[in-house]
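Descriptive analysis of the structure
Here is how the chains run, residue by residue.
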Amino acid sequence: MRKITDLRGIKDTAKVFLHMNIEETKFSPLVIKHPFTDSAMVCVSQADGEIAFANIMEDTKAFTLWKEQVEKQIDTAEDVFGVYHLMTKSYLLAFLKYAESYLSREDFSKMLADIWIRTEAPNLDPNFKQKELLDLFRKSKQEEMMTEDEIETLRSLPETVSVYRGVTSYNAGKVKALSWTLDREVAQWFANRFGENGTVYEAEISKEYILALFKGRNEWEVIVEPDHLLQLSE
């Protein structure tokens, strides 16, 4: 990582993502997969200043114009956060992976925390093996990832901590993941969402193997080193 973030490098990386192809879904064009939009139905500024609604899967000229407009937004971003907040959530961890070499450790740590909290099921991201996800947290600065309140809460935990994880059929194969919670009711909510009757797991872990604590969304999430989970049981 760099001492100071190379914003030009970040913007160039974002533009590579911008020019990726659209991935269709069964709900296309309403729902698509692309780093900068979740829908093919977008607003495009015309030469006369009017705003038009266009399907960028069918209208190649509109797709080109839309990308030019997003490029301008990237170019005018004042910092790295202004760049990646233009992107769709499902591509954020991948963007972090390829932007890492341009980031300071401070910005990297802040981005990782924000992206992790905002992303649905980051433990299942196809761009990372579990060891690679762990390495992201190991190389980050806790004081940049967490708020002062979160840091104090982590420090105040006992040396051995009880943690919980709720899983459904969707992620049942990832019980020993990085994400756990200090709140059993939160784990129960995750086990029962989407109308499923999932399973709640309990384990113990030494505080030294908790890499971060996030209170965002009232989930009391802790990022742990899974190999050090003890007495894991339903």
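Residues numbered from 1 in each chain as written. Predicted model: local features only at pLDDT ≥ 70, side-chain atom pairs only at ≥ 80, totals over all residues. Heavy atoms only, no water.

**Side note on the overall build of the chain**
For clarity, the threshold we go by: Numbering of helices and strands runs from the N terminus, with a helix taken as a DSSP run of H or I at least four residues long and a strand as a DSSP run of E at least two residues long. The cut-offs for exposure are 20% and 50% of the maximum accessible area for each residue type, with area from a 1.4 Å probe on protein chains only; residues under the lower value are buried, those over the upper are exposed, and the others partly exposed. Whether two residues touch is decided by their heavy atoms; if any such pair falls within 4.5 Å, the residues are in contact. Where accessible areas are quoted, they stem from the Shrake-Rupley method and a 1.4 Å probe; at the residue level, only the protein chains shown are allowed to cover.
In terms of helices and strands, the chain carries 9 helices and 10 strands. Out of the 234 residues belonging to the chain, those deemed buried represent 46%. Counted over contacts in the chain with a minimum sequence separation of 6, partners at least 24 positions apart contribute 66%. Summed over its atoms, the accessible surface of the chain is roughly 12700 Å², and 49% of this surface lies on carbon and sulfur atoms.

**Digging into a nonpolar patch on the surface**
The condition that has to hold: Put simply, a patch holds well-exposed residues, over 30% relative accessible area, that have no salt bridge, with like charges counted together within 9 Å and Val, Leu, Ile, Met, Phe, Trp or Tyr side chains within 5 Å. Here, a salt bridge means any side-chain nitrogen of Lys or Arg that lies within 4 Å of a carboxyl oxygen of Asp or Glu.
A cluster of nonpolar side chains, namely F27, L30 and V31, defines an oily patch on the protein surface of about 300 Å² accessible area. Residue placement: F27 occurs in the loop between β1 (23-24) and β2 (32-33).

**Comments concerning helix α1 (residues 7-18)**
In plain terms, the rule: Helices are assigned an expected span. That span is 1.5 Å times one less than the residue count. For this analysis, a polar contact is any N or O atom pair within 3.5 Å, provided that within protein one partner can donate a hydrogen and the other can accept it, and provided that sequence-adjacent residues contribute only side-chain to side-chain pairs.
Helix length check: α1, at 12 residues, gives a terminal C-alpha distance of 16 Å against a target of 16 Å (1.5 Å per residue), a fit within 8%. At the N-terminal boundary of α1, the capping side chain belongs to D6, with an oxygen 3.2 Å from the backbone nitrogen of R8.

**Section: the environment of Y84**
Within the secondary structure, Y84 is located in helix α3 (residues 80-84). Here Y84 is in contact with L92, F95, M111, D114, I115 and R118, once residues within four sequence places are set aside.

**So, the packing of helix α5 (residues 105-118) against helix α6 (residues 130-138)**
This is how it is decided: Note on geometry: axes are lines fitted to C-alpha atoms, helical ones only across the stretch in contact, with angles between N-to-C directions running from 0 to 180 degrees. The labels follow the angle: roughly parallel below 35 degrees, roughly antiparallel above 145, roughly perpendicular from 65 to 115, and oblique for the rest.
Between α5 and α6, whose axes approach to 10 Å, the crossing angle comes to 130°. Viewed along their axes, α5 and α6 adopt a mutual orientation that is oblique. Where α5 abuts α6, its residues F108, L112 and W116 lie against L133, L136 and F137.

**Re the domain arrangement of the chain**
The condition that has to hold: Marked domain ranges trace back to an automatic or database domain assignment. Buried surface area refers to the total accessible area, computed with a probe of radius 1.4 Å, that the two partners give up upon joining, counted for both partners together.
According to the domain assignment, the chain contains domain 1 (7-142) and domain 2 (146-233). Placing the centre of domain 1 and that of domain 2 at their C-alpha centroids yields a distance of 28 Å. Between domain 1 and domain 2, the residue contacts involve 13 residues of the former and 23 residues of the latter. Summed over the three residues of domain 1 that lose the most area to domain 2, namely I117, N123 and Q142, the buried surface amounts to 37% of that side. Applying the counting criterion to the domain 1 and domain 2 interface returns 2 salt bridges. Across the pair R138 and E225 runs a salt bridge, and its minimum N-O distance is 2.6 Å. Viewed at the interface, domain 2 and domain 1 are joined by 10 residue pairs in polar contact (both at pLDDT 80 or more). Looking at the side of domain 1 that touches domain 2, the elements that each hand over two or more residues are α5 and α6. The leading source of residues in the side of domain 1 that touches domain 2 is α6, at 5 residues.

**Focus on the pattern of salt bridges**
The final tally for this structure, using the stated rule, is 17 salt bridges. Across the pair D12 and R8 runs a salt bridge, and its minimum N-O distance is 3.5 Å. Here R8 and D12 lie together in helix α1, a separation of 4 residues that amounts to about one turn. Looking at D12, the relative accessible area reads 40%, which means it is partly exposed. For R8, a relative accessible area of 41% gives the class partly exposed.

**Brief notes about the packing of aromatic side chains**
Put simply, the rule is: Think of it this way: a Phe, Tyr or Trp ring, Trp meaning its six-membered ring, pairs with another when their centres are within 6.5 Å, and the plane angle makes it stacked under 30 degrees, edge-to-face over 60, tilted otherwise.
Within this structure, the stated rule accounts for 6 aromatic pairs. Arranged with centres 6.0 Å apart and planes meeting at 20°, the rings of F63 and W66 form a pair that is stacked. In this pair, F63 and W66 are both assigned in helix α2 (residues 60-76), 3 residues apart and thus about one turn of the helix distant. With respect to burial, F63 and W66 carry one shared label: buried. With centroids separated by 5.0 Å and ring planes inclined at 85°, the aromatic side chains of W116 and F137 adopt a geometry described as edge-to-face. Within this pair, whereas W116 is found in helix α5, its partner F137 is found in helix α6, the two being separated by 21 residues in sequence.

**Some remarks on unusual backbone geometry**
Most of the time, phi is negative for any residue but glycine, and the peptide bond is trans. Note the cis peptide between S28 and P29, where omega equals 5°. One non-glycine residue, F194, lies in positive phi territory at about 60°. If you trace the backbone, F194 turns up in the loop between α9 (184-192) and β7 (199-206). Non-glycine residue Q231 carries a positive phi angle of around 55°.

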